[in-house]
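Residues per chain are reported as follows:
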Amino acid sequence: MRITNVATAVIDGNFPWVLVKVETDAAISGLGEAYWGAGVAELVHHAKPLIVGQDPVNIARIVELIQRCLSGEGSQAGAAVAAISGIELALWDLLGRALKTPISTFFGGRFRGAIRIYADCHAGATPDPADYAKRARDVVAAGFTAIKFDLDMPNPYTIDISDDPHPRRQWFEPFNRSIGSQELRWMVDVVRAVRGAVGPEIMVAMDAHWKYGVNDAIKLAQALEPFDLLWLEDPVPPENLEAQRQVTASTCTPICTGENLYRKHGYRELIEKQAARIIAPDIPKMGGLLEAKQVAAYADLYYMPIAPHNVASPIATMAAAHLCTAMNNFLVLEFHAIDVAWWDALVEGAPMIVDGFIHPSDRPGHGLTLNDDVARAHLKPGSSFFGEVPWA
Ligand code: MG
C-alpha cells in the first residue's frame with residue numbers, strides 16, 4: 001500500500017478545523033485533523049511531496065521524516081507541528097481502516113470504555129457570579145459531569161487605568177500581572193457560586209490564561225482551596241517553570257498547564273520539575289497520538305494525570321478519545337464546541353457525547369464518517385474541499 005495524495009478542508013467551526021485526508025492506492029483513506037492556525041493547511045500541503053509514495057504503515061518514520069524536512073518552517077513547535085499532527089491522526093485512522101482495528105488498540109488497548117468529557121463553558125462577559133452559576137446549572141442539566149470556566153474574564157473591577165495619569169482607586173491593571181483585592185474576592189465569589197450551583201460531585205475547573213504573577217497566583221489558588229477545584233489552569237505565564245513550580249508547590253488546588261507546548265520535548269522539564277499537577281496536551285496540536293501517548297507515559301512516572309486540551313471538530317475529538325481509553329492516567333477530555341449546534345451533524349450517526357461521555361466504538365480507525373454535505377456547508381471561505389489549493 002502506498003500513499004497517493006494528501007488533501008485538506010478547513011471547516012468554519014468555532015475554530016477553523018483543519019481536516020486532513022490521506023489517500024492510498026488501495027482505495028483506503030484516513031481522515032485526521034490539525035489544530036487551527038495561520039499556515040497550518042498550507043504546511044500540510046507543503047509536506048505532501050514527502051508523504052506521497054510512502055507506505056502508510058510506517059507512521060513514526062513518516063512523522064520523523066516530515067519533522068526533519070520542515071525544520072526550516074519551524075517544526076520544533078507551532079504551526080508545522082500542528083500540520084504534522086493532522087497528518088499523523090489521518091495515518092492512524094488509515095491504518096485502523098486497513099487492519100479493521102480501532103485506534104485505541106494501537107496504543108495498548110483500553111483501560112476504560114467511557115471517556116469523561118468536560119464542557120468549556122463561557123458565561124459571557126458578565127460581571128455577575130450568578131450568571132456563572134446559571135450557566136453551570138444549564139450545562140450540568142445537559143448531562144456533563146465536569147465543567148470549566150474562564151476566571152480571568154472582565155469583572156466589575158476590570159478597568160484599564162494604564163492611560164490614566166492619576167488613577168485614584170486600586171483598580172485592576174492588566175499589564176502588571178496583579179490581582180486586586182476586590183478582584184480576588186470577585187473570583188472567589190464566582191467559584192463559590194458555581195460550586196454552590198452544581199454541588200460537590202461535579203468536577204469544576206477554572207482557567208486563568210497565564211495572567212498573574214507568582215504571589216498573586218498563590219493567593220488565588222489558596223483562596224480557592226475550599227472549593228475543591230478539579231484544577232486551576234495557567235495561573236502564571238508559561239515560560240518560567242521555576243516560577244510555576246513555586247505556585248504548584250504552594251497550594252493543594254491542582255495546577256494544570258500544557259496546551260501550548262509541543263512534542264514530548266516541550267513537556268520534559270515541566271514533568272521533571274513537577275511544575276504542574278495535571279498535564280493538558282492538545283493532541284492534534286502538540287505532535288499527534290503517539291507523541292501524546294509518550295507524554296502521558298512520562299507524566300505517569302510522576303503520577304500526574306492527563307487532561308487533554310481540545311478545541312477540535314468531532315474528528316480529532318474522537319481520535320483523542322480513542323487514545324484516552326489507552327492512557328491509565330487519563331482524567332478528562334475537553335469539549336469546547338457546546339455552542340456549535342451542528343458539531344454532531346458534521347459526522348454520520350448518533351450524537352457523540354452522551355450524558356457527558358464519549359464511548360469510542362470498535363469500528364476501524366476512529367470510526368467516524370464525515371457528513372460531506374454539512375462539511376461543505378460550513379467550509380471556510382477560500383478553502384478547498386479536499387481538492388487542489390492555489391499555493392500547493
Ligand atoms: Mg486554557
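All values derive from a computational prediction rather than experimental measurement. (Residues numbered from 1 in each chain as written. Predicted model: local features only at pLDDT ≥ 70, side-chain atom pairs only at ≥ 80, totals over all residues. Heavy atoms only, no water.)

As a further point, take the overall build of the protein. Scanning the protein for helices and strands turns up 13 helices and 12 strands. A compact globule built from 392 residues should have a C-alpha radius of gyration of about 21 Å, and the protein, at 21 Å, falls within 12% of that. Taking the principal axes of its C-alpha atoms as reference, the protein extends roughly 70 × 45 × 45 Å. Taken across its 392 residues, the protein has 55% of its residues classed as buried. Of the contacts made within the protein by residues no fewer than 6 positions apart, 73% connect residues no fewer than 24 positions apart. In the form shown here, the protein has an accessible surface area of approximately 16100 Å², with 52% of it arising from carbon and sulfur atoms. For the protein, the separation between the mean place of its 33 positive charges and that of its 46 negative charges on side chains is 4 Å. (Helix = DSSP H or I, 4+ residues; strand = E, 2+ residues; numbered from the N terminus. Rg over C-alpha atoms; globule rule 2.2 N^0.38 Å. Buried < 20%, exposed > 50% of the residue type's maximum accessible area, 1.4 Å probe, protein only. Contact = heavy atoms within 4.5 Å. Areas by Shrake-Rupley, 256 points an atom, 1.4 Å probe, with all protein chains shown as cover. Lys, Arg positive; Asp, Glu negative; His and termini not counted. Charge placed at Lys NZ, Arg CZ, Asp CG, Glu CD.)

The subject of this paragraph is the coordination of the magnesium ion. Within the first shell, the magnesium ion binds the protein through Asp207 (OD), Glu233 (OE) and Glu259 (OE), at distances of 2.0 to 2.2 Å. Written as a sequence motif, the donor arrangement for the magnesium ion is D-x25-E-x25-E. Of the two residues, glutamate 233 sits in strand E7 (residues 231-233) while glutamate 259 sits in the loop between strand E8 (255-257) and helix H9 (263-272), which places them 26 residues apart along the sequence. When its relative accessible area of 9% is taken as the criterion, glutamate 259 is described as buried. (Donors = N, O, S within 2.8 Å, 3.2 Å for Na, K, Ca; no water.)

One can describe the packing of H9 onto helix H11 (residues 289-300) by two numbers: an axis separation of 10 Å at closest approach and a directional angle of 15 degrees. In terms of orientation, H9 and H11 fall into the roughly parallel class. Our pair here, H9 against H11, has a crossing hand that is right-handed. Along its contact with H9, which presents Arg263, Lys264, Tyr267, Arg268, Ile271 and Glu272, the element H11 presents Glu291, Gln294, Val295, Tyr298 and Ala299. In the contact of H9 with H11, the residues fall into five nonpolar, one polar and five charged. (Axes fitted to C-alpha atoms, helices over the stretch in contact; angles between N-to-C directions. Parallel < 35°, antiparallel > 145°, perpendicular 65-115°, else oblique. Left-handed = near helix turned anticlockwise from the far one by under 90°. Nonpolar A, V, L, I, M, F, W, Y, C, P; charged D, E, K, R; others polar.)

In this section: the pairing of strand E1 (residues 3-12). Summarising burial for E1: eight of the 10 residues are buried, a large majority. Pairing of E1 with strand E2 (residues 16-24), which is carried by nine bridges, proceeds in the antiparallel orientation. Bridge pairing links isoleucine 3 to threonine 24 in E2. Between E1 and the antiparallel strand that follows it, E2, lie three residues. (Pairing = 2+ DSSP bridges.)

Our focus in this paragraph is the pattern of salt bridges. Inspection of every chain in the model, using the stated rule, returns 17 salt bridges. The residue lysine 219 makes a salt bridge to aspartate 216 at a minimum N-O spacing of 3.8 Å. Of the two residues, lysine 219 and aspartate 216 are both situated in helix H7 (residues 214-223); the distance of three residues between them amounts to about one turn of the helix. Exposure remark for lysine 219: the relative accessible area of 41% places this residue in the partly exposed category. (Salt bridge = Lys/Arg side-chain N within 4 Å of Asp/Glu carboxyl O.)

Tallied over the full model, the rule gives zero disulfides. Of all cysteine sulfurs, the one in cysteine 256 lies closest to cysteine 252, which takes part in no disulfide; the gap is 16 Å. (Disulfide = S-S within 2.5 Å.)

Glancing now at the pairing of strand E4 (residues 115-120). A large share of E4 lies buried, amounting to five of its six residues. With three bridges joining them, E4 and strand E10 (residues 333-335) adopt parallel strand pairing. Looking at the pairing, alanine 119 lines up with phenylalanine 335 of E10. Note that E4 and strand E5 (residues 146-150) share two bridges and pair parallel. Bridge pairing links aspartate 120 to lysine 148 in E5.

Shape descriptors only; they carry no functional weight alone.
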